[in-house]
Amino acid sequence: MTIIDSHEMETLIARIRQVANRELMPRFMHVERQLKRDGSFVTEADLVVQQEMSTYLKRHWPDIPFLGEEMSPAQQRALLESENPIWCLDPLDGTTNFVADIPYFCISLSLIAGGRVLTGIVYDPNRDECFSARSGEGAWLNGSMIEPQQQRTSLTRATGMVDFKRLPEALSTRLVTRTPYASQRSFGSVALDLCWIAAGRCDLYLHGRSNIWDYGAGLLILQESGGSSCTLEGEEVFSRHLEPRSIVAAGEMQVFAEWCDWLGVTPRVR
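Residues numbered from 1 in each chain as written. Predicted model: local features only at pLDDT ≥ 70, side-chain atom pairs only at ≥ 80, totals over all residues. Heavy atoms only, no water.

Novice: Got a minute to help me understand the overall build of the protein in this structure?
Specialist: Each helix and strand in the protein was counted, giving 8 helices and 14 strands. With respect to the three principal axes, the spread of C-alpha positions in the protein is 50 × 40 × 35 Å. The 270 residues of the protein split such that 54% are buried. Considering only residue pairs separated by 6 or more positions, the protein has 63% of its internal contacts joining residues 24 or more positions apart. Only carbon and sulfur atoms are counted for the fraction: they give 47% of the accessible area of the protein, which is about 12100 Å². (Helix = DSSP H or I, 4+ residues; strand = E, 2+ residues; numbered from the N terminus. Buried < 20%, exposed > 50% of the residue type's maximum accessible area, 1.4 Å probe, protein only. Contact = heavy atoms within 4.5 Å. Areas by Shrake-Rupley, 256 points an atom, 1.4 Å probe, with all protein chains shown as cover.)

Novice: How do you make sense of the sheet that holds strand S12 (residues 204-210) when you look at a structure like this?
Specialist: Strand pairing in a sheet is mediated by backbone hydrogen bonds. Such pairs are either parallel or antiparallel. Taken together, the 5 strands give an open sheet; going across it, the order is S11-S10-S12-S14-S13, and neighbouring strands pair in mixed fashion. With one partner strand each, in any of the chains shown, strand S11 (183-185) and strand S13 (228-230) form the two edges of the open sheet. Here the strands of the sheet are splayed against their neighbours by 15° on average, with no regard to which way each runs. Sheet topology note: the S12/strand S14 (residues 245-250) ladder contains 5 bridges and is antiparallel. Among the inter-strand pairings, His-207 is bridged to a residue of S14, identified as Ile-247. (Pairing = 2+ DSSP bridges. Axes fitted to C-alpha atoms, helices over the stretch in contact; angles between N-to-C directions.)

Novice: Help me understand helix H6 (residues 190-198), please; the structure alone is not making it clear to me.
Specialist: For an α-helix, 3.6 residues make a turn, and residues three or four places apart therefore share a direction. Counting buried positions over the 9 residues of H6 gives 9, a clear majority of the element. All of the buried residues along H6 are Val-190, Ala-191, Leu-192, Asp-193, Leu-194, Cys-195, Trp-196, Ile-197 and Ala-198. Of the residues flanking the end of H6, it is Gly-200, one or two places downstream, whose phi is positive at about 80°.

Novice: I tried to follow the sheet that holds strand S5 (residues 106-113) on my own but got confused; where do I start?
Specialist: As summarised here, the arrangement of the 7 strands in space is S3-S4-S5-S6-S7-S8-S9, forming an open sheet in which the pairing is mixed. Of all strands in the sheet, those bounded by a partner on one side alone are strand S3 (66-68) and strand S9 (144-145). Examined bridge by bridge, S5 and strand S6 (residues 116-124) share 7 bridges and lie antiparallel to one another. Its bridge partner lying in S6, Ala-113 is registered against Arg-116. Where helix H3 (residues 73-81) meets the sheet, it contacts S3 and strand S4 (86-93), and its direction lies at approximately 135° from that of S3.

Novice: Would you mind going over the side chain of Arg-27 with me for this structure?
Specialist: With respect to the element layout, Arg-27 can be found in the loop between helix H1 (6-24) and strand S1 (33-35). In this structure the side chain of Arg-27 is engaged in a polar contact, spanning 3.0 Å, whose partner is the side chain of Glu-44. With near-sequence residues (within four places) excluded, Arg-27 lies in contact with Glu-44, Ala-45, Val-48 and Phe-98. (Polar contact = N/O pair within 3.5 Å; in protein donor to acceptor, adjacent residues only side chain to side chain.)

Novice: Honestly, the nonpolar core in this entry has me stumped. Any pointers?
Specialist: Across soluble globular proteins, you tend to see nonpolar side chains buried next to one another. Of all hydrophobic cores here, the largest spans 68 residues; its most connected members are Leu-12 and Trp-87. With residues up to four places along the chain from it excluded, the contact list for Leu-12 reads Ile-4, Met-53, Tyr-56, Leu-57, Trp-61, Trp-87, Leu-109 and Ile-121. The next biggest cluster of nonpolar side chains, apart from the first, holds 19 residues, and it includes Leu-171, Trp-259, Trp-262 and Leu-263. (Core = buried A, V, L, I, M, F, W, Y, C linked by side-chain atoms within 4.5 Å.)

Novice: So what exactly am I meant to see when it comes to the packing of helix H5 (residues 169-177) against helix H8 (residues 253-263) here?
Specialist: Working note: a packed helix pair is described by the angle between its axes plus the distance between those axes. Two elements in contact, H5 and H8, have axes separated by 12 Å at closest approach and are oriented at 115°. Contact with H5, carried on its side by Leu-171, Arg-174 and Leu-175, involves Trp-259, Trp-262 and Leu-263 of H8 and no other residues of that element. The residue inventory of the contact of H5 with H8, partitioned by class, reads 5 nonpolar, no polar and 1 charged. (Nonpolar A, V, L, I, M, F, W, Y, C, P; charged D, E, K, R; others polar.)

Novice: Help me understand H8, please; the structure alone is not making it clear to me.
Specialist: Of all the residues in H8, the buried ones are Val-255, Phe-256, Trp-259, Cys-260, Trp-262 and Leu-263. Each buried residue of H8 sits inside an arc of 160° when the element is viewed along its axis, so together they form one side. On its buried face, H8 sits against H5, S12, S13 and S14. The positive-phi residue at the C-terminal boundary of H8 is Gly-264, with phi of around 75°. (Arc of directions from axis to C-beta.)

Rendered as structure tokens:
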């Protein structure tokens, strides 16, 4: 099993910080954008960060292949279908925010091996916040352990992060007409959203279609902080495939149970 040690983790975090502050932030609020085939945006910042991180990772871990969001689907699929460990990068999660001058975006990097995420790093350059986790060892925010949440709230008093755009119409309508939580937000970066749930800034999460480079690192950070997740079908969210996955999550077990019950979801995982 491949896992990086604490020193390598610190060095990698420092590199991500450096790339973000050299390549992302000078371009923020000065963005030229293009449309991809799926209708989403791509910017020069996406491409430059992916190239910088790919070069760095290949130099330091030459035996671990690299998968980036801006690679072709054929390349991505081939890497995911292999049993080998891979680095999985979203060079700019929250590109729509980035091109709209909204300061909520991040770099998200995960190390995947043995059918699970072993290492996750999510860096928000606007707040200089780095969330990180290693499987079985806990999650951290700027080096401080993120403690598990204990009986903080209930579903009816919770703040939910809900991305309505990708949900089934019937579920979206039910959420609006029979709202189960006290307040709702939608910020626009899956990786950072999951980290904010882990940190207790919001209580529960719902997203209809998220890609592996979006959720990989954030999901590990949520799990290692004591949070819980599953898909709308009750399955484990992580899947080493290219097809998008839905995410139902909460930072606290009791709220997760109430949230799943309201959604009619029977989780088959923690």
